[in-house]
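What follows is the residue order along each chain.
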Amino acid sequence: MEDLNFMYLSYLTPWVKVVQPLKVTRSPLRLERREGEIVVNEVNFVRKCIASDTSQYDLWGKLICSNFKISFITDDPMPLQKFHYRNLLLGEHDVPLTCIEQIVTLNDHKRKQKVLGPNQKLKFNPTELIIYCKDFRIVRFRFDESGPESAKKVCLAIAHYSQPTDLQLLFAFEYVGKKYHNSASKANGAPLGAGGGSSQKTPLFETYSDWDREVKRTSASGWRVCSINEGYMISTCLPEYFVVPSSLADQDLKVFSHSFVGRRMPFWCWSHSNGSALVRTALVRDVLQQRKIEQRIYNAITKSHPQRSDVYKSDLDKTLPNIQDIQVAFVKLKQLCVNEPFEETEEKWLSSLENTRWLEYVRAFLKHAAELVYVLESKRLSVVLQEEEGRDLSCIIASLVQVMLDPYFRTITGFQSLIQKEWVMAGYPFLDRCNHLKRSEKEAPVFLLFLDTTWQLLEQCPAAFEFSETYLAVLHDSTRVALFGTFLFNSPHQRVQQSTEFAISKNIQLGDEKGLKFPSVWDWSLQFTPKDRTLFHNPFYIGKSTPCVQNGSVKSFKRTKKSYSSTLRGMPASLKNGIISEQELRPRRNSLILQVKPAPLEPRDSQDWDVEQFFQERASRPADLHGTILPRLSGAHIKLWKLCYFRWVPEAQIQHGGFITAFHKLSLLADEVDVLSRALRQPRGGPTPAPGPEQAPSRLYFHAGGPHDTPGTPDFLSSSFPFSPVGNLCRRSISGTPLSKFLSGAKIWLSTETLANED
Amino acid sequence: MTVIFFSSVPSQNYFGKKMWIISFKALTGAISSYETLPVLALDLFNKEVIYICPFNGPIKGRVYITNYRLYLRSLETDSALILDVPLGVISRIEKMGGATSRGENSYGLDITCKDLRNLRFALKQEGHSRRDMFEILTRYAFPLAHSLGLPNHHWRITFINKCYKLCDTYPALLVVPYRASDEDLRKVATFRSRNRIPVLSWIHPENKTVIVRCSQPLVGMGGKRNKEDERYLDVIRETNRQVNKLTIYDARPNVNAVANKATGGGYESDDVYHNAELFFLDIHNIHVMRESLKKVKDIVYPNVEESHWLSSLESTHWLEHIKLVLTGAIQVADRVSSGKSSVVVHCSDGWDRTAQLTSLAMLMLDSFYRSIEGFEILVQKEWISFGHKFASRIGHGDKNHADADRSPIFLQFIDCVWQMSKQFPTAFEFNERFLITILDHLYSCRFGTFLYNCESAREKQKVTERTVSLWSLINSNKDKFKNPFYTKEINRVLYPVASMRHLELWVNYYIRWNPRIKQQQPNPVEQRYMELLALRDEYIKRLDELQFANSAKLSDPSASPSSPSQMMPHVQTHF
């Protein structure tokens, strides 16, 4: 520590200086570009920092900013990483522009730093660039050997292009525009499949028939698809087609619509097999009118119920945290997970986690959805979700209720169709909530919260879901890739309007199409190889036709009406080792049992009491994988989704461990069962062909006879798999050096206000 | 080969065949109902061999090896020969013949017995059956040698504590540096709290670094020295020449270690122990742990704290203590494995925190201890034989509930093991039920395993004769305690992440009485695996039947070709 000046000069260990800059490379470093992708700026001889405590793994290469992403191109192989799970759209070191949260430039000679916004000036030549990503990554580049001017230009370009002011500047437009131009020169018109790619096509709910099929699938008699919003004539944030009570005529609907915020009149989501329906609606604007209109609507919903049951109204604004609360919780969670020094947060980790309130909110949404499941299933009442605009909280609650009640939505195709139905088409404002454009106050991770709550269900009930947690994490990441249309817009209308405008300005002939057809996230082949997509499959899943073993003989599950029924099949009364079955919990007086309070909260009314009883009764029996699943909601059961939030934190990585190791082991067995079942189904006669691995590609990522077919657990598995924290800057490197005091942690960097003027 | 501290576990109570034994109930005071238990052997080996009888020539037979004996029954009709040899009788096992052996019955094993006979077996060269038999016999006949490869030229076994004269809380058998004489040991004992001298716990199979355990040195306020103790630790250091420092881990917080000087204890200061580095691991004492667990109970029973679950959990500090214990063990393991330095571990008396650290470090370092059998040995050795004061810590049969000697140290250790098994779901042969069963019988007094404070007391009370071992219950129902995801791996050191981010409250143990919180049983993930296993077996059976039917059809030309759909039941899967 004798030479403090030196330490300020470079907080990298002195011997780093010995590292030679990039030699003449074998091949010129070239960017793999998408159609429509343009290089904006680039700088050579950049060092990407890999490990936190040493620079020996650092990579030399070229940093490029395009209109889609920032790329780091290098000939050096990624160190310390023994597997590849690659996104086909993005290189190993790439960050899509829409994934960038904050850009910090530093000059450690001049001891200056600046958080870069768009159209800003930089008065010093940066020696370092740190990029904070929305997906919790932090990447760091050093410009010690690069041309100072070009380094500066790249930083400014990234700052500018990552925070566009106009929707049409997002890369998807450029990309689709080029696709249309290219395909126009070819014979066949349609440039892009809509939702295709996968074997089963995901219904997008853009058409009348998708809605009609959904009505029929759920046997929702008393409901019809209405077309009054064709051309978005009624509401710009509703889909063109939606489902309403049959007893309401188009003319009535048109009249009613004026009373609702955003003209979002009540529309149907789903029907239980007992006839109860789930409906969502915006608020009636005029308080005086409210009663009257609601009465008309509720009467119609009651008429659509086979038992003419009453309607249960759930006012989400009053019962759940609002989107600002959710955003605040998320920012705190992110701060805690990746920005705060790892060791320093350890001591108070649990209370800090509690203070973020993220898990509290996760629990609140699950709990509310579960209570509505009770109302729909046990009380047999139709439920109306009411929210001011009906475009945020309603999306989570409507989706969660359906995931819990309907096994179809726990398949990959079903889940995707649910997202189309309750989010994309229902007008969840992805553009604002994901903050794809220049910083807006409307940012809120409502969709992530839904994925998190789904993960809780998956965690508690792994055999009920066709997809894996990797799928959920990758789906979350896909909201940050501005190449797909799925998560780009505030409403389907916005897509049509903006892309028509764009098409006209670019001279693209749209023909009969309503707006440009953007690639869909559901076309996973755009992002992942077939092999990598197999990691979406959950080997624990028991599909509805999957054979199971009961009493030694193989049987098939069949989805029957019965699985929906609410018949109370309690466990036989028993008193074993102090554990009392639920039925016996209350009635006995003067027994010791009464010391156990029946509910954590004093029941306020009989409704609460019944809900509690319903949960307990359900919790006491094995989960009905092909019927309703309900979450366990105690504090001890709601967990942090570690794969999603810790995957880039090197210190939190469990090498050779984590749930993935059990996943791996089970996959091998499930694959073996697949192979055997194929062999059984094979027509025979003549010599039996040996069931070999070449037969059919396995549906599972890990399989017997695969490249990872070792008896043990593969070396490359870790709790972060298939993601790798390699190359993610963690806090240790900085907190261990004098510079940490100067920078005093990321907390400051993330609040733009305090630093923006400091240049 | 009777009771030595490394003895294979079931030897505490082992009877060759199924027996019904009255369990030891004296301490519970309730002798109203005698419980009975079957005691079963572990079946380890079962193969056809040729027994080369020195009197009648080669005899074909089937050999069975259990953890107690070798048993051979003749398969030849004209011979009723039976061999029944307890493994303890075996003195030496040698392989005879090599890969090139051509002569009949020239490839096999030659076993020299202590009871004046030799047994020769010829085995087939294919299928590694000789290797398997050799390894199993070696492991079970010489369990001491198996686990640690001892004695070697640096370490010797000493009988100095045969009658518990040197240290009454240590086992009768100790492993000490070869270069330390019994006289040295006696002198060292005077300088270590309760005479618990540094002895070997584990030796690294490759780099030969060791984990040594002991109690604190009796330095006292005056800073006493003991030349023999200093030399003794130096001798331990010299058994490993890769690093020129010996690492001493004092499990206590620094201040506690200093405070102990007032009562005559202390720690190894570096101006006296020149070749040693001392680190404090900051693990608190038994009283702190007891209070912490009480707080855990407060937040989970009868009602689970709901509104501020995480901060309430934090305020118990239970997971923080777990973290410190695990962190300490990781440091020990890492020092031995990566740092290639021998390690001495102690706390004050060396029977609480020390046992936690050595056994957890061994669990991280040595995959053998992650098997059911290995774990039983680990507990038997590091905890039971080395005098963790189970009677005092648990208070078996004692009504003084406020006794300050009580503390959940062993529970804390099992919790740490559970945390590890959560982080490495495939690394342990045993499941959660195994750990819970151990904990349940820690209190039940149904088995002798955890009774009394140390081996000398157990011997005096003839525990091995009067009680059944918990391990015999477990080993006779092994399937119930197996983790279906277990993937056996040799030589992989496991480093759990001792971070609050990964540590969890063990809900299935601590909150199991609350019907609302109870987790699904069986665990859905394990259950799914078992279902798939059953499905696989079913399919294999069907395939075999089909193949059989096919070959029958092929051999019968008159059979008409039947359609495939008729031939096999249609099995549907969702894949």
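Computed from a predicted model, the values in this text were never measured in an experiment. (Residues numbered from 1 in each chain as written. Chains lettered and ligands numbered in written order. Predicted model: local features only at pLDDT ≥ 70, side-chain atom pairs only at ≥ 80, totals over all residues. Heavy atoms only, no water.)

**Student:** Just give me the short version of the sheet that holds strand β13 (residues 311–315) of chain A, but keep the residues and values in it.
**Tutor:** Residue and element names in this part refer to chain A. Across the sheet, four strands lie side by side as β11-β12-β14-β13; this open sheet has mixed pairing. Edge positions in the sheet fall to β11 (267–271) and β13, since each has one partner strand and no second. Strand-to-strand twist of the sheet, defined as the mean angle between neighbouring strand axes without regard to direction, takes the value 25°. Bridging between β11 and strand β12 (residues 277–281) involves four bridges; their strand directions are antiparallel. Directly across from Trp268, in β12, lies its bridge partner Val279. Against the sheet, helix α11 (residues 358–377) touches β12, β13 and β14 (382–386), its axis set at about 150° to β14. (Pairing = 2+ DSSP bridges. Helix = DSSP H or I, 4+ residues; strand = E, 2+ residues; numbered from the N terminus. Axes fitted to C-alpha atoms, helices over the stretch in contact; angles between N-to-C directions. Contact = heavy atoms within 4.5 Å.)

**Student:** Explain the domain arrangement of chain A to me, and be specific about the residues and the numbers.
**Tutor:** Residue and element names in this part refer to chain A. As assigned here, chain A comprises domain 1 (39–163) and domain 2 (208–321 + 357–536). Taking the mean C-alpha position of each, domain 1 and domain 2 sit 37 Å from one another. Taken residue by residue, the interface counts 15 residues in domain 1 and 21 residues in domain 2. Across the domain 1/domain 2 interface, buried area totals approximately 1,600 Å², and carbon plus sulfur atoms make up 58% of it. Three residues, Tyr85, Thr98 and Lys134, lead the burial of domain 1 against domain 2; their summed loss comes to 39% of the area buried on that side. Where domain 1 touches domain 2, the interface holds seven residue pairs in polar contact (both at pLDDT 80 or more). Along the lines of polarity and charge, the residues of the side of domain 1 that touches domain 2 split into seven nonpolar, four polar and four charged. (Domains from an automatic or database assignment. Buried area = accessible area lost by both parts, 1.4 Å probe. Polar contact = N/O pair within 3.5 Å; in protein donor to acceptor, adjacent residues only side chain to side chain. Nonpolar A, V, L, I, M, F, W, Y, C, P; charged D, E, K, R; others polar.)

**Student:** Before we move on, can you summarise the packing of aromatic side chains with the specific residues and values?
**Tutor:** All names here are of chain A. Scanning the entire structure with this criterion turns up 75 aromatic pairs over all chains. Their ring planes at 40° and their centres at 5.6 Å tell us that Phe72 and Phe141 sit as a pair that is tilted. Of the two residues, Phe72 sits in strand β3 (residues 69–74) while Phe141 sits in strand β8 (residues 138–142), which places them 69 residues apart along the sequence. Exposure remark for Phe141: the relative accessible area of 1% places this residue in the buried category. For the pair Trp524 and Phe528, a centre-to-centre distance of 6.5 Å together with 40° between the ring planes defines the contact as tilted. (Phe/Tyr/Trp six-rings, centres within 6.5 Å; stacked < 30°, edge-to-face > 60°. Buried < 20%, exposed > 50% of the residue type's maximum accessible area, 1.4 Å probe, protein only.)

**Student:** Got a sec to walk through a positive patch on the surface? Specific residues and values, please.
**Tutor:** All names here are of chain A. A cluster of basic residues, Lys110, Lys112, Lys121 and Lys123, forms a positive patch at the surface. Topologically, Lys112 is positioned in strand β6 (residues 112–115). You can call Lys112 partly exposed: its relative accessible area is 31%. (Patch = residues over 30% accessible without salt bridge, like charges linked within 9 Å, V, L, I, M, F, W, Y side chains within 5 Å. Areas by Shrake-Rupley, 256 points an atom, 1.4 Å probe, with all protein chains shown as cover. Salt bridge = Lys/Arg side-chain N within 4 Å of Asp/Glu carboxyl O. Lys, Arg positive; Asp, Glu negative; His and termini not counted. Charge placed at Lys NZ, Arg CZ, Asp CG, Glu CD.)

**Student:** Give a detailed account of the packing of helix α8 (residues 323–339) of chain A against helix α10 (residues 349–356) of chain A, specifying residues and quantitative values.
**Tutor:** Residue and element names in this part refer to chain A. It is the contact of α8 with α10, at a shortest axis distance of 8 Å, that shows an interaxial angle of 155°. Here α8 is positioned roughly antiparallel relative to α10, judged by the angle of their axes. Across the interface between the two elements, Ala329, Lys332, Leu333, Leu336 and Cys337 from α8 touch Trp349, Ser352, Leu353, Asn355 and Thr356 from α10. The residue makeup of the contact of α8 with α10, split by class, is six nonpolar, three polar and one charged. (Parallel < 35°, antiparallel > 145°, perpendicular 65-115°, else oblique.)

**Student:** Lay out the nonpolar core in plain terms, naming residues and giving numbers.
**Tutor:** Grouped together as the largest cluster of nonpolar side chains are 273 residues, with contacts concentrated most on A:Trp358, A:Phe450, A:Leu475, A:Tyr645, B:Leu360, B:Phe375 and B:Phe410. Ranked by residue count, the leading element in this core is α11(A), at 13 residues. Contact partners of A:Phe450, with chain neighbours within four places excluded, come to A:Ile396, A:Ser399, A:Leu400, A:Val403, A:Phe415, A:Leu418, A:Ile419 and A:Trp423. Of all hydrophobic cores here, the second largest spans 31 residues; its members include B:Val219, B:Ile236, B:Ile248 and B:Tyr273. (Core = buried A, V, L, I, M, F, W, Y, C linked by side-chain atoms within 4.5 Å.)

**Student:** So what's going on with helix α5 (residues 250–257) of chain A? Which residues, and what values?
**Tutor:** All names here are of chain A. Of all the residues in α5, the buried ones are Leu253, Phe256 and Ser257. Relative to the axis of α5, the buried residues are bounded by an arc of 100° and lie together on one face. Opposite the buried face of α5, by more than 90 degrees, sit the exposed residues Gln251 and Val255. Taken together, the buried residues of α5 touch β9 (223–226), β10 (242–245) and α6 (287–304). (Arc of directions from axis to C-beta.)

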